[in-house]
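Remarks on the overall topology
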Amino acid sequence: MSGKFIVFEGVDGSGKTTQLKLLGEELRSRGYEVLCTREPGGTRVGESIRDILLNPAFNDLSPLAEAFLYAAARAQHVERVILPALEEGKIVLCDRFVDSSFAYQGSGRGLEIPLLKKINEPATSGLVPDLVLILDFSCGSGMDRICRSGRRIDRIEGEREDFHAKVRSGYIALAESSPSRYRLIDAGRPVGQVRRDVLKAVEEVLK
C-alpha cells in the first residue's frame, strides 16, 4: 500500500478532533489526498454501532460486549474504508483506532490486553498505523472542555474520573512501549503549539 495511516489517540476532551481537522487541511494544502475518518464509526454500520456504544441508556453494557462491538465497527471500517483508501495512496487520518481498545477496555475496564489483541487481530486485518499521535491531557480538564462546549456527555465520557485516569495511564504506557511508532504530545498547551508538534511528527513519517 502506498498510502499512510496516521491515528490520533487520547482521553476524551484532549482535542483530537480539532488537531485532526487542522492536519487534514494542512496536508491538503500541500497537495496530498487525505481521508479523515473516526472510530467507532466511519461507515453506516459503524455509526449505528457508535450510537449504541456512546448512548448513556446502555450503561449496563458489559466490558466484554463493549470490546466486541468496538471490534465489529473496526472490522467494517478497515475493510470498507481504510484499506481501500490506503491502496489508492491516500493519507488516512483516523480519530481513534485499536489503541483506544487497549486504553479504554484494557486499562480502563480491566480486560486483559492479550484478549483484546486476539479480538482485534481479525478486525484490523493486521493493519498497523504508520504513526500514532497520543494527545496527553489531564482528565479533569478534558471534561471541563467538553462541558464548556455545551454538548451532551456520552456514555464513555460520563464514567468516573478514576476510570479516565486509568485510560490516560494506559496511553502513556503504550507510548513508552514503542517510541518509534507513538508520539506523546502535551495537549494542555494552546492549539497552535500542539498543531506545530503534530505537524513535525507527521512530516517525519512523510519523508
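Please refer to the structure higher up on the page.
Residues numbered from 1 in each chain as written. Predicted model: local features only at pLDDT ≥ 70, side-chain atom pairs only at ≥ 80, totals over all residues. Heavy atoms only, no water.

A sheet is described by the order of its strands in space; here 5 strands give the open sequence S2-S3-S1-S4-S5, paired in parallel fashion. Both edges of this open sheet fall to strand S2 (34–38) and strand S5 (182–186), since each of them pairs with a single strand only. Neighbouring strand axes in the sheet, compared pairwise and without regard to direction, differ in orientation by 20 degrees on average. Strand direction decides the pairing type here: strand S1 (residues 4–10) and strand S3 (residues 91–95), joined by 5 bridges, are parallel. Each bridged residue has a counterpart across the sheet, and for Lys4 the counterpart in S3 is Ile91. Contacts from helix H4 (residues 98–108) reach S1, strand S4 (131–136) and S5 within the one sheet, and its direction differs from that of S1 by about 20 degrees. (Pairing = 2+ DSSP bridges. Helix = DSSP H or I, 4+ residues; strand = E, 2+ residues; numbered from the N terminus. Axes fitted to C-alpha atoms, helices over the stretch in contact; angles between N-to-C directions. Contact = heavy atoms within 4.5 Å.)

Tallied over the full model, the rule gives 3 aromatic pairs. With 6.1 Å between their ring centres and 55 degrees between their planes, Tyr104 and Phe163 make a pair best called tilted. Of this pair, Tyr104 sits in helix H4 while Phe163 sits in helix H7 (residues 161–177), and the two are 59 residues apart along the sequence. Measuring from ring centre to ring centre gives 6.3 Å for Tyr104 and Tyr171, while their planes differ by 80 degrees; the resulting arrangement is edge-to-face. Placement of Tyr104 in helix H4 and of Tyr171 in helix H7 is noted, with a sequence separation of 67 residues between them. The two residues Tyr104 and Tyr171 agree in class, both being buried. Site record: aromatic cluster; members linked through ring pairs are Tyr104, Phe163 and Tyr171. When the ring centre of Phe97 is taken as reference, the NZ or CZ atom of Arg74 above it lies at 5.7 Å. (Phe/Tyr/Trp six-rings, centres within 6.5 Å; stacked < 30°, edge-to-face > 60°. Buried < 20%, exposed > 50% of the residue type's maximum accessible area, 1.4 Å probe, protein only. Lys NZ or Arg CZ within 6 Å of the ring centre and 35° of its normal.)

With 10 of its 11 residues buried, H4 lies for the most part within the structure. Considered for burial, the residues of H4 that qualify are Val98, Asp99, Ser100, Ser101, Phe102, Ala103, Tyr104, Gln105, Gly106 and Gly108. Contacts made by the buried residues of H4 are with S1, helix H3 (63–87), helix H5 (113–124), S4, H7 and S5. A positive phi of about 95 degrees marks Gly110, the residue just after H4.

Attention now goes to the layout of surface pockets. In this structure, the second largest pocket encloses a volume near 360 Å³. Val98, Asp99, Phe102, Lys117 and Arg181 are the residues nearest the centre of the second largest pocket, which is lined by 20 residues in total. Of all the secondary structure elements, the ones that give two or more residues to the lining of the second largest pocket are H4, H5 and H7. Split into classes, the residues belonging to the lining of the second largest pocket amount to 10 nonpolar, 6 polar and 4 charged. (1 Å grid on protein atoms, 1.4 Å probe; cavity = no way out; pocket = protein on both sides within 12 Å on 5 of 7 lines; lining within 4 Å. Points joined across faces, edges and corners; volume = space filled by probe spheres on them. Nonpolar A, V, L, I, M, F, W, Y, C, P; charged D, E, K, R; others polar.)

This part is about the nonpolar core. Ranked by internal contacts, the top residues of the largest apolar core, which has 56 residues, are Phe5, Leu133 and Val198. Here this core takes 9 residues from H3, the largest share from any one element. Excluding anything up to four places from it in sequence, Val198 contacts Phe8, Gln19, Leu23, Leu133, Leu135 and Ile185. (Core = buried A, V, L, I, M, F, W, Y, C linked by side-chain atoms within 4.5 Å.)

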